[in-house]
Amino acid sequence: MEGIVARIRSWPPRVWIALALLVLIIVFIVQNRQDSVVHLVFITFTAPMWITLAITLVVGILIGVLAARRRKGARA
């Protein structure tokens, strides 16, 4: 048992941060399971709130990555 505790204590800070973020994600999902109605131009659909927000996050990240690539290419 002491070997396990010693191994856990030796984890780097990035592992602890990842675990904390994982816990926050799980809490977020559990608290946002209710359905929400989403209107997008002429399309209306119902989805759990956490899925809607996760999709929005992914789209935002993609926009940021694509904008950063374009800006990087313009500087070169």
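What comes next is a walk through the structure.

### Description of the side chain of Thr-52
At step 1: In this fold, Thr-52 is placed in helix α3 (residues 49-75).
At step 2: A residue is classified by how much of its surface remains accessible, and Thr-52, at 16% relative accessible area, is buried.
At step 3: Those residues within four positions of Thr-52 in sequence are excluded, and the remaining contacts are Ser-36, Val-38 and Ala-47.

### Quick look at the packing of aromatic side chains
At step 1: For the coordinates displayed, the defined rule picks out one aromatic pair.
At step 2: Ring centres of Trp-11 and Trp-16 lie 5.4 Å apart, and the angle between their planes is 50°; this geometry places the pair in the tilted category.
At step 3: For Trp-11, a relative accessible area of 34% puts it in the partly exposed group.
At step 4: By relative accessible area, Trp-16 is classed as partly exposed at 41%.

### Considerations on the environment of Leu-22
At step 1: Of note, Leu-22 is situated in helix α2 (residues 13-31).
At step 2: Residue classification places Leu-22 among the partly exposed positions, given a relative accessible area of 46%.
At step 3: The sequence separation of Leu-22 and Ile-61 amounts to 39 residues, and the corresponding C-alpha distance is 18 Å.

Reading the values: the criteria
Residues numbered from 1 in each chain as written. Predicted model: local features only at pLDDT ≥ 70, side-chain atom pairs only at ≥ 80, totals over all residues. Heavy atoms only, no water. Helix = DSSP H or I, 4+ residues; strand = E, 2+ residues; numbered from the N terminus. Buried < 20%, exposed > 50% of the residue type's maximum accessible area, 1.4 Å probe, protein only. Contact = heavy atoms within 4.5 Å. Phe/Tyr/Trp six-rings, centres within 6.5 Å; stacked < 30°, edge-to-face > 60°.

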